[in-house]
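# Structural overview for review
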Amino acid sequence: MSVQDRFNPQSTDIFVASSPKTGTTWLKALTFAILTRSRLSGSTTSSLLAKMPHDCVPFLEFQLSDQNPSNRDLAIPLLSTHVPYSCLPKSIISSSCKIIYICRDAKDAFVSLWYFLAKMQRSDNVEPLPLEEAFELFCNGIANYGPYWDHVLGYWRASLEFPEKILFLTYEEMKKDTATHVKKLAEFMGCSFTLEEEEGGGVQKIISMCSFEELSSLEVNKNAEHRTPGISSPIQNSVFFRKGEIGDWANHLTPEMGARLDDIMEKKLKGSGLKLPR
Ligand code: A3P
């Protein structure tokens with residue numbers, strides 16, 4: 001409510017938007033690395049080596065909710081949000097700033113979310129919700145940023161209406177062809193790779209720097225923690241890096257649970273023109 005009432009973006013701002021556990025950390029790393037790459041030429045150090053991606057790209061609803069401008073670096077026009085499209089501040093919708101949305105197969109998003117919340121709950125000495133109970137809630141649309149399908153559909157429909165403002169991506173497609181997506185991201189953010197950069201391996205350098213293997217093995221992401229305003233306990237950075245695979249749901253959900261969630265998603269997305277990868 002605070003950001004809805006008072007947040008004013010810069011016209012050049014770019015938001016990374018997502019439902020939790022759909023690839024936010026990866027997309028933050030990629031967009032940050034792409035946007036700041038010119039600062040890196042000739043240097044081997046990136047902020048990404050010392051700060052976890054969530055500390056490089058602040059959240060609208062956490063870091064920026066108290067309107068404290070020092071919580072963002074005005075020189076880097078990157079922000080992020082998990083807020084559904086329908087609840088974004090009007091100032092964001094009506095300004096010329098851009099939004100890059102990422103989503104993922106609902107089954108993998110659910111399993112990733114369950115593991116994440118269970119880890120957070122254990123570190124707060126709270127007994128995690130059994131997987132089956134959490135699955136029931138997810139299937140009934142009970143989640144902290146609203147039903148998963150509504151989150152995805154909100155940004156999908158907006159991306160059809162305003163294609164120049166909203167880029168809609170999926171984790172699976174990004175995994176399958178990261179190079180094409182890195183170039184697409186750069187173009188969308190207005191900082192396309194030059195031929196010289198491409199020939200010099202600039203795209204590959206960013207893919208490698210932001211890969212699951214590379215990021216998850218950095219000291220800052222293995223052993224450090226960060227604080228999110230509004231969340232009492234510090235969060236271990238390592239919880240944002242679990243497996244980074246497509247289809248891990250099959251190791252945790254029964255085929256019946258998988259089919260049930262697929263069926264729900266198919267019904268909810270029907271007629272929207274969107275088919276999420278499974
Ligand atoms: P899994 O739990 O399936 O492994 P978010 O960043 O939105 O919180 O999403 C977290 C998911 O993205 C986790 O999925 C995590 O492992 C995966 N992830 C984190 N960093 C990644 C990277 N650099 N490349 C690919 N996947 C990554």
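Residues numbered from 1 in each chain as written. Predicted model: local features only at pLDDT ≥ 70, side-chain atom pairs only at ≥ 80, totals over all residues. Heavy atoms only, no water.

Labelled according to an unreviewed UniProt entry, the protein chain appears under the name Sulfotransferase, originating from Populus alba. Looking at the protein chain in UniProt, the text filed under Sequence similarities (unreviewed entry) is "Belongs to the sulfotransferase 1 family." (UniProt positions renumbered as here; feature names shortened; annotations may be inferred.)

Attention now moves to the overall build of the protein chain. A count of helical and extended segments in the protein chain gives 16 helices and six strands. Taken over the C-alpha trace, the protein chain has a radius of gyration of 18 Å; the compact-globule value for 278 residues is 19 Å, and the two agree within 12%. Based on the C-alpha atoms only, the size of the protein chain along its principal axes is roughly 50 × 45 × 40 Å. In the protein chain, the share of contacts with a sequence separation of at least 24, taken over all contacts with a separation of at least 6, comes to 73%. Working note: accessible area of the protein chain is about 13500 Å², and carbon and sulfur atoms make up 53% of it. Within the protein chain, the 34 negative side-chain charges are centred at a point lying 2 Å from the centre of the 30 positive side-chain charges. (Helix = DSSP H or I, 4+ residues; strand = E, 2+ residues; numbered from the N terminus. Rg over C-alpha atoms; globule rule 2.2 N^0.38 Å. Contact = heavy atoms within 4.5 Å. Areas by Shrake-Rupley, 256 points an atom, 1.4 Å probe, with all protein chains shown as cover. Lys, Arg positive; Asp, Glu negative; His and termini not counted. Charge placed at Lys NZ, Arg CZ, Asp CG, Glu CD.)

Membership of the largest hydrophobic core comes to 44 residues, with the highest contact counts inside it found for Ile99, Phe110 and Tyr148. Secondary-structure elements contributing two or more residues to this core are β1 (14-18), β3 (98-103), α7 (106-123), α8 (131-139), α9 (148-161), β4 (166-170) and α16 (255-269). With residues near it in sequence (within four places) discarded, Phe110 still touches Leu131, Ala134, Phe135, Phe138, Leu253 and Leu261. In terms of nonpolar packing, the next biggest core, distinct from the first, is built from 42 residues, Leu48, Met120, Val182 and Leu185 among them. (Core = buried A, V, L, I, M, F, W, Y, C linked by side-chain atoms within 4.5 Å. Buried < 20%, exposed > 50% of the residue type's maximum accessible area, 1.4 Å probe, protein only.)

In this structure the tally under the stated criterion is 13 aromatic pairs. Aromatic pair Trp26 and Tyr171: ring centres 5.5 Å apart, planes at 75 degrees, arrangement edge-to-face. Here Trp26, found in helix α2 (residues 24-35), pairs with Tyr171, found in helix α10 (residues 171-176); they are 145 residues apart in sequence, far enough to count as distant. Across the pair, exposure class does not vary: Trp26 and Tyr171 are buried alike. (Phe/Tyr/Trp six-rings, centres within 6.5 Å; stacked < 30°, edge-to-face > 60°.)

Another point: the sheet that holds β1. Taken together, the four strands give an open sheet; going across it, the order is β2-β1-β3-β4, and neighbouring strands pair in parallel fashion. Each edge of the sheet is formed by a strand with only one pairing partner; in this case those strands are β2 (78-81) and β4. Going across the sheet, the axis of each strand differs from the next one's by a mean of 20 degrees, ignoring polarity. Taken together, the five bridges between β1 and β3 define a ladder with parallel strand orientation. Note that in β3 the partner of Val16 across the bridge is Ile100. Strands in contact with α2 are β1, β2, β3 and β4; relative to β1, the strand with the most contacts, it is inclined by about 165 degrees. Against the sheet, helix α11 (residues 178-188) engages β3 and β4, with an angle of about 165 degrees to β4. (Pairing = 2+ DSSP bridges. Axes fitted to C-alpha atoms, helices over the stretch in contact; angles between N-to-C directions.)

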